[in-house]
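The residues making up each chain are set out below.
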Protein chains: 2
Amino acid sequence: MKIILDGHGGDYCPEQAVLGAIQAVQKHNDLEIVICGNEEVIQPILATNYNGNKISISHCTEIITNEDVPTIAVRQKKDSSMVKAIRMAKEDSSFAGVVSAGNTGALLTASLFVAKRIKGISRPCLAPSLPTVIEDKCFVLVDCGANADCKPINLQHFAVMGSCYMQSLYGVSNPTVAILSNGQEKGKGNELVKETYPLLENTKSINFVGNVEARDILTGDYDVVVCDGFSGNIALKTIEGTALTVMRLIKNSIKNGSILQKIGGLLIKPAIKKLKSTMDVNEQAGGTVLGVDCIIVKAHGSSKAASICRCIEQVIMLAKNNVLQKIKENLSGIEDDNEV
Amino acid sequence: MKIILDGHGGDYCPEQAVLGAIQAVQKHNDLEIVICGNEEVIQPILATNYNGNKISISHCTEIITNEDVPTIAVRQKKDSSMVKAIRMAKEDSSFAGVVSAGNTGALLTASLFVAKRIKGISRPCLAPSLPTVIEDKCFVLVDCGANADCKPINLQHFAVMGSCYMQSLYGVSNPTVAILSNGQEKGKGNELVKETYPLLENTKSINFVGNVEARDILTGDYDVVVCDGFSGNIALKTIEGTALTVMRLIKNSIKNGSILQKIGGLLIKPAIKKLKSTMDVNEQAGGTVLGVDCIIVKAHGSSKAASICRCIEQVIMLAKNNVLQKIKENLSGIEDDNEV
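All residue numbers refer to position in the chain's written sequence, counted from 1. The lettering of chains begins at A and the numbering of ligands begins at 1, in the order of writing. For a predicted model such as this one, the threshold for reporting local features is a pLDDT of at least 70, and the threshold for listing and counting side-chain atom pairs is 80 or more; totals across whole chains, interfaces and linings nevertheless cover every residue. Where side-chain values are given, they derive from all heavy atoms of the structure, hydrogens and water being excluded.

K.L.:
Teacher, can you tell me more about the overall build of chain A here?
P.N.:
Every helix listed is a DSSP run of H or I at least four residues long, and every strand listed is a run of E at least two residues long, numbered separately from the N terminus. Helix and strand counts for chain A stand at 12 helices and 12 strands. Exposure classes here rest on a 1.4 Å probe applied to the protein chains alone. A residue is buried below 20% of its type maximum, exposed above 50%, and partly exposed in between. The burial tally for chain A puts 58% of its 340 residues in the buried class. Throughout, a residue-residue contact means that at least one pair of heavy atoms, one from each residue, lies within 4.5 Å. Considering only contacts in chain A between residues 6 or more positions apart, those separated by 24 or more positions represent 72%. Per-residue and other accessible areas follow the Shrake-Rupley method at a 1.4 Å probe size, with only the shown protein chains counted as cover for residues. When the accessible surface of chain A is totalled, it reaches about 13800 Å², and 50% of it is carbon and sulfur. Put simply, chain A has 35 plus and 36 minus side-chain charges, and the middle of one group is 5 Å from the middle of the other. Think of it this way: Lys and Arg go in the positive column, Asp and Glu in the negative one, and His and the chain ends go nowhere. All charge positions are set by atom: Lys at NZ, Arg at CZ, Asp at CG, Glu at CD.

Okay, structure coming up:
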């Protein structure tokens, strides 16, 4: 299998991107990786750390930074590592997909304009895996930020794509799909949720279980949580902010507490560390752009080698399980459902 | 000062409502409380626990339960403790306000139909106080659930009312007001946020500081966070859900950890307990219905006496600082701003 890696864009790239690629080819014998990026910078890192022949470099003259305005950058920096990575994957079907830790907005824009939408999808979305209270069980929140304003049909597409995604990435059969709402009972919600509800009820290819309140999304009872990108962004960032806050409050409370509490704090450090990695969105799988005709995984901006390697393995998994084919088949099904 | 208390509705009412009223009159010499409720049930509790003359009962024959449909209950149960409490406060201006731990939807409905809107306000909202990382510093989230779909003018009203509220309840002068969005930069947001932003910029009576991302609402840097009730509900419940999840994960991790970790867990118990009460929305002030012509405080459904007493004190504070007058003055100001 061949995968393309955007060598630039993340906080610790290109070093960690290259090291992540090395980890991946060492773990997977049949894997080849092409790193898009500045050869002069990447070649020495590669030469120092790897002497195999499974990683090659495709030279690019430009880099998209986090300060770039997505639409302008994608239009103007045609020889950037990100745009070139997606173009290569799109043009050469021997590539299974792309990993990038770069500017999220630019990656979404490049996905849309270079990889193009899957027929029938008007709004691709960004699907991150989030932790639950159940160990090693994730759920996917679609959309978590690509589309601030959505129509019911967009949410229906997110539901179908999220469902195919959970099957392909985690092997969940018949994943439960819920819509994020302000109450669990049917009939609760804003206009968008109320209009989307019957559409999801009538979508035969998904296992729709109704509304879910935001307080219950981490319980592990839901595999796919559907919402517009604005609400999804609020849920996602509230989880991050609250988890950080709670851990800081515990730390402060121990720091300002009695000597016994301070000792207790030292003793539970491993537990807190484990928790930190559970709640850390960076430690989860990368976010995947769903709805474009290419497997594109967004690694977190602060990814180090291990996380880049996990994202590469995510592309392998999604490609092996034919996620794009699955999405296309299920989408053609919902057109029939909607006509009934 | 005279305050009306809905004697029924909460999980531990009427007992805890009565005990809360007793706590309040014992703390505040000039306070009188009228409890609306079933005299046959409430009188014995009162007689057993109190022999003063500052608490009286106004008998009602009906009770609104959590299973009642709000609009139907408010229309049909005219002699319910909740509806009667609000009607009495509305008709007799010697009452400073109302506290109820009952059905939130019914309380909002009764507030709207019985207490009536303040002139100029089309959508009253529910304003809960939420904790921040800074000890004893709260912020208010408006709206947190009364209005699932909003227009920019509604959000402008929430901003002005939230600002008056923070001044009156916590004595914050010139409170910072931010709008909840999916990015901090100006220009980020869904259509509603983008349309509301310039309105808030032009509202002279508030100290508008721009967008706030959901991950930053608990930092204590913002006094008032404005949003539609759907997004507010998601933020509020994600905070609750995440805080619970993090605490459960810590507990599990300690439970399944080494003996040293278990000992550590025992030692930090006081810190965790303190944290629990900081993050527990029930421990904060009650939610206040803003935008109706009466001070109405919603105690949490699971309130015990101490929490009921705090909500009564919240009415005292809001009444002493003329929150309704402040809101009316500031609202008349924004009509001029909007015309510019």
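More follows now that the structure is in view.
K.L.:
Looking at this structure, how should I read the interface of chain B and chain A?
P.N.:
A common way to report how large an interface is uses the accessible area buried once the components associate. Taken together, the contact between chain B and chain A spans 47 residues of the former and 47 residues of the latter. Summed over both partners, the accessible area lost on bringing two parts together, with a 1.4 Å probe, is the buried area. For the pair chain B and chain A, the summed buried area comes to about 4400 Å², and 71% of that belongs to carbon and sulfur atoms. Criterion for a salt bridge: a side-chain nitrogen of Lys or Arg within 4 Å of a carboxyl oxygen of Asp or Glu. Where chain B touches chain A, the interface holds 4 salt bridges. When the shortest N-O distance is used, the salt bridge between E240(A) and R215(B) registers 3.4 Å. Any pair of nitrogen or oxygen atoms within 3.5 Å is treated as a polar contact; in protein, a donor-acceptor pairing is required on top of that, and neighbouring residues in sequence qualify only through side-chain atoms on both sides. At the boundary of chain B with chain A, the tally comes to 8 residue pairs in polar contact (both at pLDDT 80 or more). Elements with a contribution of two residues or more to the side of chain B that touches chain A: β8 (176–181), α7 (191–201), α8 (229–255), α9 (259–267) and α10 (269–279) of chain B. Residue contributions to the side of chain B that touches chain A peak at 19 residues, all from α8(B). Considering only residue class, the side of chain B that touches chain A consists of 24 nonpolar, 15 polar and 8 charged. Under the scheme applied, nonpolar residues are Ala, Val, Leu, Ile, Met, Phe, Trp, Tyr, Cys and Pro; charged residues are Asp, Glu, Lys and Arg; polar residues are all the others, including Gly.

K.L.:
Where do I start with the packing of aromatic side chains in this structure?
P.N.:
Here a ring pair, both rings aromatic, is described through the centre-centre distance and the interplanar angle of the planes. Note on ring pairs: Phe, Tyr and Trp rings are taken, using the six-membered ring of Trp, and paired if centres are within 6.5 Å. Classes follow the plane angle, with under 30 degrees stacked, over 60 edge-to-face and the rest tilted. Applying the stated criterion across every chain, the model contains 2 aromatic pairs over all chains. Aromatic pair Y197(A) and F208(A): ring centres 5.0 Å apart, planes at 80°, arrangement edge-to-face. Here the residue Y197(A) occupies a position in helix α7 (residues 191–201), and F208(A) occupies one in strand β9 (residues 207–213), the gap between them amounting to 11 residues. For Y197(A), a relative accessible area of 11% corresponds to the buried category. In this structure, K2(B) is placed above the aromatic ring of F95(B), and the distance from its NZ or CZ to the ring centre is 4.6 Å. When the NZ atom of lysine or the CZ atom of arginine is within 6 Å of a ring's centre and also within 35 degrees of its normal, the charge is said to sit over that ring.

K.L.:
Explanation requested: the relation of the copies chain B and chain A in the structure shown.
P.N.:
One chain copy maps onto the other through a rotation about an axis and a shift parallel to that axis. Only residues with pLDDT of at least 70 in both copies contribute their C-alpha atoms to the least-squares superposition of the copies. For these two chains of identical sequence, chain B goes onto chain A by a turn of 180° and a shift of 0.0 Å along the axis, with RMSD 0.1 Å. Given the turn and translation reported, the copies of this chain are related as if by a two-fold rotation axis. The rotation axis passes nearest to the C-alpha of G264(B) in chain B, at a distance of 1.7 Å. Taken together, the interface assignments show that 100% of the residues at the interface of chain B recur at the interface of chain A, consistent with an identical surface on both copies.

K.L.:
Please clarify how the sheet that holds strand β1 (residues 2–6) of chain A should be interpreted in this entry.
P.N.:
Two pairing modes exist for strands in a sheet, parallel and antiparallel, and in both the strands are linked by backbone hydrogen bonds. Residue and element names in this part refer to chain A. DSSP-based pairing: two strands are paired if at least 2 bridges between them are found. Overall, mixed pairing links the 7 strands, which are arranged β3-β2-β1-β4-β12-β11-β5 in an open sheet. At either margin of the open sheet sits one strand with a lone partner, and together these are β3 (55–59) and β5 (125–127). The sheet shows a mean angle of 25° between the axes of neighbouring strands, taken without regard to direction. Every angle, taken between N-to-C directions, lies between 0 and 180 degrees, and every axis is a line fitted to C-alpha atoms, over only the stretch in contact when it is a helix. Its contacts with the sheet put helix α6 (residues 152–170) on β5 and β11 (287–290), and the angle it makes with β11 is roughly 130°.

K.L.:
Help me out: how do you make sense of the pairing of strand β7 (residues 138–142) of chain A in this one?
P.N.:
Moving residue by residue along a regular strand, the side chains alternate between the two faces of the sheet. All names here are of chain A. Taking burial as the measure, the 5 residues of β7 include 5 buried ones, the bulk of the element. The two faces of β7 match: C138, V140 and V142 on one face and F139 and L141 on the other face are all buried. Two elements, strand β6 (residues 129–131) and β7, share 3 bridges in a ladder whose sense is antiparallel. What sits directly across from P131, in β7, is C138. Hairpin remark: β6 followed by β7, antiparallel, with 6 residues in the connecting loop; positive phi at D136, about 65°. The sheet contact formed by β7 and strand β10 (residues 224–226) spans 3 bridges and is parallel. By the bridge assignment for β10, V140 is matched with V224.

K.L.:
When you look at the pattern of salt bridges in this model, what are you seeing that I'm missing?
P.N.:
In total, this model carries 18 salt bridges over all chains according to the counting rule given. Put simply, K328(B) and D293(B) hold a salt bridge, and the shortest N to O gap is 2.9 Å. One end of the pair, K328(B), is in helix α12 (residues 323–339); the other, D293(B), is in the loop between β11 (287–290) and β12 (296–298), and 35 residues separate them in sequence. The partly exposed category is assigned to K328(B), whose relative accessible area is 32%. Its relative accessible area of 26% is what places D293(B) among the partly exposed residues. Members of the salt-bridge network, linked through shared partners, are E213(A), R215(A), K237(B) and E240(B).

K.L.:
What exactly am I supposed to notice about the environment of R310(B) here?
P.N.:
Structurally, the position occupied by R310(B) is in helix α11 (residues 305–320). Along the chain, R310(B) and Q284(B) lie 26 residues apart, while their C-alpha atoms are 8.9 Å from each other.

K.L.:
In this structure, what is going on with the pairing of strand β4 (residues 95–100) of chain A? I would like to understand it.
P.N.:
Residue and element names in this part refer to chain A. Burial analysis of β4 places 6 of its 6 residues in the buried class, the great majority of the element. As paired strands, β1 and β4 are joined by 4 bridges and run parallel to one another. The residue of β4 that forms the bridge with I3 is G97.

K.L.:
Just to check I follow, could you spell out the side chain of K237(B) for this structure?
P.N.:
With respect to the secondary-structure elements, K237(B) resides in helix α8. Apart from the residues within four sequence positions on either side, K237(B) is in contact with N182(A), E213(A), A214(A) and R215(A).

K.L.:
Sorry if this is basic, but what is going on with the environment of N103(B) here?
P.N.:
All names here are of chain B. Tracing the chain through its elements places N103 in the loop between β4 (95–100) and α5 (104–115). Through-space distance from the C-alpha of N103 to that of G10 is 7.9 Å; in sequence the pair is 93 residues apart. Apart from residues no more than four positions distant in its own chain, N103 is found in contact with I64, T65, N66, D68, P70 and M82. A polar contact of 3.2 Å, which involves the side chain of N103, links it to the backbone oxygen of D68.

K.L.:
Explain the sheet that holds strand β2 (residues 32–37) of chain B here, please?
P.N.:
Residue and element names in this part refer to chain B. If you trace the 7 strands from one edge of the open sheet to the other, you get β3-β2-β1-β4-β12-β11-β5, paired in mixed fashion. The sheet is open, and its two edges are formed by β3 (55–59) and β5 (125–127), each paired on a single side. If you compare each strand with its neighbour and ignore which way they point, the axes differ by 25° on average. Relative to β12, β11 runs antiparallel, the two sharing 3 bridges.

K.L.:
Can you help me understand unusual backbone geometry in this one?
P.N.:
Excluding glycine, residues mostly carry a negative phi; peptide bonds, for their part, are mostly trans. Look at the link from C13(A) to P14(A): it is a cis peptide, with omega at 5°. Residue D143(B) is reached from V142(B) by a cis peptide bond, and omega for that bond is 0°. For D143(B), the location among the structural elements is in the loop between β7 (138–142) and α6 (152–170). Here the phi dihedral of D136(B) falls at roughly 60°; this positive angle occurs in a residue that is not glycine. Mapped onto the secondary structure, D136(B) falls in the loop between β6 (129–131) and β7. When its relative accessible area of 79% is taken as the criterion, D136(B) is described as exposed.

K.L.:
Would you mind showing me how to read a positive patch on the surface here?
P.N.:
Residue and element names in this part refer to chain A. The patches reported here contain residues having more than 30% relative accessible area and no salt bridge. Joining distances are 9 Å for like charges and 5 Å for nonpolar side chains (Val, Leu, Ile, Met, Phe, Trp, Tyr). Together, R248, K251, K255, K269 and K276 make up a region of like positive charge exposed at the surface. Of all the secondary-structure elements, those providing two or more residues to the positive patch are α8 (229–255) and α10 (269–279). A per-element tally of the positive patch places α8 first, with 3 residues. Relative to the elements of secondary structure, R248 occurs in helix α8.

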